[in-house]
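Take a look at the letters that make up each chain.
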Amino acid sequence: MTASFPLGPFEPHPANPVLRPRGDGWESANVYNPAAIVAGDRVALLYRAHAADRVSRIGLAWSEDGVRFDRENDPVLVPEHDYERAGCEDPRVALVGGTYYLTYTGFDGTRAQLCLATSPDLRSWTKHGPLFPGFNTWKTLPYGPDQPWSKAGVIHDEPIGGRYWMWFGEGTVHAATSTDLLRWTPVADDEHPMHAPTPGQWDATLVEIGAPPVPTPDGLLVFLTNGATASSPKDVDYRCGQIAVSLADPATVVARTPEPWLRPTTYEDTHGLVANVTFVEGLVHFEGRWLAYYGQSDTTVAVAVCDPRTAPAKGPR
């Protein structure tokens, strides 16, 4: 597996979208924002879907080539508790010691909270509830929710300095650590994010962690991220960027890409439940290629491909 910062270039696959809404049930209206992981010799997607009621559930799909997917008929994660009664949303997944750790957003209709579930097989999940009650990742911004709110968590599958690390947040990005992968403690309070929007740039309104990190030979962890500019909740432009942290200081961003590697361009990217959205949450290295999975306008799922064997050589960082 070869990785460097920035990772890429990525190109949207000509077969996109790889998942669309189907049927008249739980995934009939919108299918988007998938987590991705290699399980055996297949790529597994854990994707968000809902019907016209917009109550999200998490489905499971499998692929032998990373592009053509077969879906399981029933969702694997559904709302059960009060904190998620309006939906289980936006999963990310990591595998540690034979256990899958899934972070997802539990939405109760007014408040979003980052939650955790574990599984031995990607199908049967044990829920562990909200991770950061009282934490608001929008607190330092002059807009956004003025209440506890946390979304988007990615876990590194190897300990760093004796602790496991998670990076989380919508609006701004924060770090947290754990010794058991179940109980997590933020590195700093919600008034001290490690990554924030960049005024005047493509991510001027918000940043959000995207896919779990990829290690590089020179001691960096590379993250795919999401950023947006917005003039109103319905007038947004979500693009995908990258940041890097050092293994010696995982709570500090040491590099960021000044330009996005993916932006809305296709019909599906610009037409849907929320127009002008490319939103990445899954990244795998599979059969020699990097595959980045993203939601298109909160309605369909696509994949972008980076093949290091054919990509042009990079200059010095």
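Attention here is on the structure that accompanies the text. Just so we're clear, the structure is a prediction, and the values are computed from it rather than from any experiment.

Here is what the cut-offs are and how they apply
- Residues numbered from 1 in each chain as written.
- Predicted model: local features only at pLDDT ≥ 70, side-chain atom pairs only at ≥ 80, totals over all residues.
- Heavy atoms only, no water.
- Helix = DSSP H or I, 4+ residues; strand = E, 2+ residues; numbered from the N terminus.
- Core = buried A, V, L, I, M, F, W, Y, C linked by side-chain atoms within 4.5 Å.
- Buried < 20%, exposed > 50% of the residue type's maximum accessible area, 1.4 Å probe, protein only.
- Contact = heavy atoms within 4.5 Å.
- Pairing = 2+ DSSP bridges.
- Axes fitted to C-alpha atoms, helices over the stretch in contact; angles between N-to-C directions.
- 1 Å grid on protein atoms, 1.4 Å probe; cavity = no way out; pocket = protein on both sides within 12 Å on 5 of 7 lines; lining within 4 Å.
- Points joined across faces, edges and corners; volume = space filled by probe spheres on them.
- Nonpolar A, V, L, I, M, F, W, Y, C, P; charged D, E, K, R; others polar.
- Phe/Tyr/Trp six-rings, centres within 6.5 Å; stacked < 30°, edge-to-face > 60°.
- Salt bridge = Lys/Arg side-chain N within 4 Å of Asp/Glu carboxyl O.

**Considerations on unusual backbone geometry**
Turning to step 1, where the next piece is worked out: That bond from Gly8 to Pro9 is cis: its omega, 5°, falls within 30 degrees of zero.
Turning to step 2, where the next piece is worked out: Residue Pro17 follows Asn16 across a cis peptide bond; omega there is -5°.
Turning to step 3, where the next piece is worked out: Here Pro17 is to be found in the loop between β1 (11-12) and β2 (30-39).
Turning to step 4, where the next piece is worked out: The phi dihedral of Leu122 is positive, around 75°, even though this residue is not glycine.
Turning to step 5, where the next piece is worked out: Residue position: Leu122 is located in the loop between β8 (112-119) and β9 (126-130).
Turning to step 6, where the next piece is worked out: Phi at Asn276 is positive, roughly 65°, even though this residue is not glycine.
Turning to step 7, where the next piece is worked out: When you line up the elements, Asn276 lands in the loop between α1 (267-270) and β20 (278-286).

**A look at the nonpolar core**
Turning to step 1, where the next piece is worked out: Ranked by size, the top nonpolar core spans 21 residues in total, and within it Phe10, Trp261, Leu283 and Trp290 carry the most contacts.
Turning to step 2, where the next piece is worked out: If you list the elements that add at least two residues to this core, you get β17 (220-232), β18 (235-246), β20, β21 (289-296) and β22 (300-306).
Turning to step 3, where the next piece is worked out: Not counting chain neighbours up to four residues away, the residues in contact with Trp261 comprise Phe10, Leu224, Cys240, Gly241, Gln242, Val280, Ala292 and Ala304.

**Let's talk about the sheet that holds strand β6 (residues 87-96)**
Turning to step 1, where the next piece is worked out: As summarised here, the arrangement of the 4 strands in space is β6-β7-β8-β9, forming an open sheet in which the pairing is antiparallel. Of all the strands in the sheet, the pair left with one neighbour each is β6 and β9. Strand after strand, the sheet turns through a mean of 25° between neighbouring axes, direction not considered.

**Considerations on the sheet that holds strand β4 (residues 57-63)**
Turning to step 1, where the next piece is worked out: Ordered by their spatial adjacency, 4 strands build an open sheet running β2-β3-β4-β5, and the pairing between neighbours is antiparallel. If you trace the sheet from one side to the other, it starts and ends with β2 and β5 (70-71), each paired once.
Turning to step 2, where the next piece is worked out: Of the pairings in the sheet, the one linking strand β3 (residues 42-50) to β4 comprises 7 bridges and is antiparallel in character. Of the residues in β4, the one forming a bridge with Ala44 is Trp62.

**As for empty space enclosed by the protein**
Turning to step 1, where the next piece is worked out: Under the definition given, this model contains 1 cavity of 30 Å³ or more.
Turning to step 2, where the next piece is worked out: Volume-wise, the largest cavity comes out at about 50 Å³.
Turning to step 3, where the next piece is worked out: Broken down by secondary-structure element, the contributors of at least two residues to the lining of the largest cavity are β15 (206-209), β17 and β18.
Turning to step 4, where the next piece is worked out: Tallied by class, residues from the lining of the largest cavity come to 3 nonpolar, 5 polar and 3 charged.

**Section: the packing of aromatic side chains**
Aromatic ring pairs are reported here in terms of the distance separating the ring centres and the angle at which the planes meet.
Turning to step 1, where the next piece is worked out: Scanning all chains against the criterion turns up 11 aromatic pairs.
Turning to step 2, where the next piece is worked out: Note on Tyr238 and Phe279: the rings are 5.7 Å apart at their centroids and 65° apart in plane angle, and the pair reads as edge-to-face. Pair noted here: Tyr238 is in strand β18 and Phe279 is in strand β20, with a separation of 41 residues, a long-range link. In this pair, the class of Tyr238 matches that of Phe279, namely buried.
Turning to step 3, where the next piece is worked out: Through successive ring pairs, a cluster of aromatic residues spans Phe132, Phe135 and Phe168.

**Considering the pattern of salt bridges**
Turning to step 1, where the next piece is worked out: Under the counting rule described, the total for this entry stands at 20 salt bridges.
Turning to step 2, where the next piece is worked out: Between Arg92 and Glu281 there is a salt bridge, and its shortest N-O distance comes to 3.5 Å. Residue Arg92 is found in strand β6, and its partner Glu281 is found in strand β20; the two are separated by 189 residues along the sequence. In this pair, the class of Arg92 matches that of Glu281, namely buried.

**Points about the layout of surface pockets**
Turning to step 1, where the next piece is worked out: Taken as a whole, the second largest pocket holds about 390 Å³ of empty space.
Turning to step 2, where the next piece is worked out: Along the wall of the second largest pocket there are 18 residues; nearest its centre are Asp157, Pro212, Pro213, Val214 and Leu283.
Turning to step 3, where the next piece is worked out: Contributing elements (two or more residues each) for the lining of the second largest pocket: β2, β6, β16 (214-215) and β20.
Turning to step 4, where the next piece is worked out: The class makeup of the residues in the lining of the second largest pocket is 15 nonpolar, 2 polar and 1 charged.

**Looking at the side chain of Glu208**
Turning to step 1, where the next piece is worked out: Structurally, the position occupied by Glu208 is in strand β15.
Turning to step 2, where the next piece is worked out: Apart from residues no more than four positions distant in its own chain, Glu208 is found in contact with Arg92, Ala152, Gly169, Glu170, Val173, Thr225, Asn226 and Phe279.

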